[in-house]
Amino acid sequence: MTNNPFAPGAKRPEVTEGVFSPEEVALANRNSGALLETLGLEITPTGTHYLLNHFDVPVLSEAGHVLRFEGALDAPYALTMEEIRALPEKTMPVTLECAGNGRAGVSPRCFSMPWMYEAVGTSEWTGTPLAPLLERAKPQAGVQDFAFLGADFGFDKGQPHYFGRSLTPAQIAELDVMLVWGMNGQPLLPQHGAPLRIIVPGWYGMASVKWLTTIEALTERYQGFQQVQTYRLRKDEDDPGTPITTIRVKSLMKPPGVPDWVTRQRWVQAGRVTLEGRAWSGGGVPITRVEVLLGDTWQDAELTGRPDTYAWTGWRIDWDATPGVYDLACRATDANGTTQPLEAPFDMAGFANNSVHRVRVHVAEAGA
Ligand SMILES: Nc1nc2c(c(=O)[nH]1)N[C@H]1C(S)=C(S)[C@@H](COP(=O)(O)O)O[C@H]1N2
Ligand SMILES: [Mo]
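Values in this document were obtained by computation on a predicted structure and should not be read as measured data.

Turning to the pairing of strand 3 (residues 90-97), a few remarks are in order. The two faces of the sheet receive side chains in turn, since in a regular strand these alternate between them. Most of strand 3 sits inside the fold, with six of its eight residues counted as buried. Relative to strand 4 (residues 120-129), strand 3 runs antiparallel, the two being bridged by eight bridges. Paired with lysine 90 across the two strands is glycine 127, which belongs to strand 4.

Attention shifts here to the nonpolar core. Core analysis: the biggest nonpolar cluster contains 48 residues, and Phe69, Ile84, Phe148, Leu179 and Ile215 have the highest contact counts within it. When residues of this core are traced back to their parent elements, those giving at least two are strand 1 (66-71), strand 2 (77-80), helix 2 (81-85), helix 3 (131-136), strand 5 (145-156), strand 6 (159-167), strand 7 (178-183) and strand 10 (212-218). At three residues, the largest contribution of residues to this core is made by strand 10. Two domains each donate at least three residues to this core, and these are domain 1 (22-243) and domain 2 (250-364). In this structure phenylalanine 148 touches Leu130, Phe163, Gly164, Arg165, Ser166, Leu167, Ile172, Ile198, Val209, Leu212, Thr214 and Ile215, once residues within four positions along its chain are discounted. One finds Val268, Ile287, Val290 and Val359 within the second-largest nonpolar core, a separate group that totals 22 residues.

Summarizing the sequence annotation, UniProt attributes the feature "domain: Moybdenum cofactor oxidoreductase dimerisation" (unreviewed entry) to residues 245-363 in the numbering used throughout. Spanning residues 245-363, this segment combines 0% helix with 51% strand, and its end C-alpha atoms are found 40 Å apart.

This part is about the site of ligand 1. Near ligand 1, the surroundings consist of 19 residues, among which Tyr50, His54, Asp152, His192 and Lys210 are the closest. In this structure, histidine 54 approaches ligand 1 through a side-chain N or O atom, which is 2.8 Å from an oxygen atom. At 2.8 Å from an oxygen atom of ligand 1 is found a side-chain nitrogen or oxygen belonging to arginine 197. Expressed as a share of its isolated accessible area of 530 Å², the protein-covered part of ligand 1 is 100%. The pocket occupied by ligand 1, as judged from atoms lying within 2 Å of grid points, is the largest cavity. When grouped by side-chain class, the residues that make up the shell around ligand 1 number ten nonpolar, six polar and three charged.

A few words on the pairing of strand 20 (residues 313-321). Taken together, the nine bridges between strand 16 (residues 271-280) and strand 20 define a ladder with antiparallel strand orientation. Of the residues in strand 20, the one forming a bridge with leucine 275 is isoleucine 317.

Sheet strands pair by backbone hydrogen bonding; their relative direction is either parallel or antiparallel. One open sheet holds the six strands; their spatial order is 14-15-22-21-17-18, and the pairing between them is mixed. Edge positions in the sheet fall to strand 14 (258-259) and strand 18 (297-300), since each of these pairs with one other strand and no more. For strand 21 (residues 324-334) and strand 22 (residues 357-364), the ladder comprises seven bridges, and the chain directions are antiparallel. The residue of strand 22 that forms the bridge with valine 325 is histidine 362.

Each value, and the rule that gives it
Residues numbered from 1 in each chain as written. Chains lettered and ligands numbered in written order. Predicted model: local features only at pLDDT ≥ 70, side-chain atom pairs only at ≥ 80, totals over all residues. Heavy atoms only, no water. Buried < 20%, exposed > 50% of the residue type's maximum accessible area, 1.4 Å probe, protein only. Helix = DSSP H or I, 4+ residues; strand = E, 2+ residues; numbered from the N terminus. Pairing = 2+ DSSP bridges. Core = buried A, V, L, I, M, F, W, Y, C linked by side-chain atoms within 4.5 Å. Domains from an automatic or database assignment. Contact = heavy atoms within 4.5 Å. UniProt positions renumbered as here; feature names shortened; annotations may be inferred. Near = heavy atom within 4 Å. Polar contact = N/O pair within 3.5 Å; in protein donor to acceptor, adjacent residues only side chain to side chain. Areas by Shrake-Rupley, 256 points an atom, 1.4 Å probe, with all protein chains shown as cover. 1 Å grid on protein atoms, 1.4 Å probe; cavity = no way out; pocket = protein on both sides within 12 Å on 5 of 7 lines; lining within 4 Å. Sits in = over half its atoms within 2 Å of the grid points. Nonpolar A, V, L, I, M, F, W, Y, C, P; charged D, E, K, R; others polar.

Here is the structure:
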């Protein structure tokens, strides 16, 4: 990068197609993705849950950490981690997906974290419902937004800011937002927001602010960088766009057989192969159908259930594989009747690409 990235209004480098830049590869090394071979599991093993950290991971100690409720409140207060852990406890499996998942498949590509398929996972999040804690602070009549501020600070497009996002009082009333300190029965890991984050179930991951320090009640709409300058779906430079909220319907396949080391193409022997994977949609909307492309025909998979309202559904199908090379694919439909597109929908920043997952499989003669 030759431009000064800290200058006000700094632009992202342009990318059109093809080869990734060293900076994108470095971003991919920092922000790991799920291992697709764990897609047979309802809960993603903690160490393989994807990561998306914009800045540096702040190293916070649980002992000194305080959550402040500030701003237009009649009863502002603060809670230590000890007080937070004593609140009514709830554990909820929630599927998180990064809004940038699939960006590398959008053309032309935006210069950012080059996700392919793997920025999704499901964890059992332990914490407490947020809404009663906001009520306790007695928000004033004119409150329009609650801003959630993280402890991580950095620059994007020349603008210095703490990572922050907001939700309106109506959204708080409608979403089951949780204040979270545990993940899969363990304390949150530093990279997942320790000691405290929120989880906004059914929404893309950007809303689930990590390293939460402050909740500020505002009498106008929050104007933070991560709220208004990014995470909008836009078709071109002049498009003001629409805010990104709920997750689009999507599915993934656990890659069958075994891989080639560098291409990750798959190898199986002819015969019965059980294909399986996961499917999910946003806003708590269940999956009603998953189809799998076997050769030339889409065939219905069996749905194997989901652990909870906001978590993905399992699916499976048996395939009588005969020798050849196949591009398998899976596509989900949700209870709203929405089906995944075959081609990537275009977005300026490559957000919300929910096009079908394709997996190249080489089927060898049985006994080969
Ligand atoms: N404070 C803070 N919160 C954050 C982020 C961040 O960079 N800073 N990234 C967001 C994005 S874009 C996503 S997709 C999720 C990822 O959560 P995970 O890394 O625990 O999977 O965290 C969100 N919360
Ligand atoms: Mo994200």
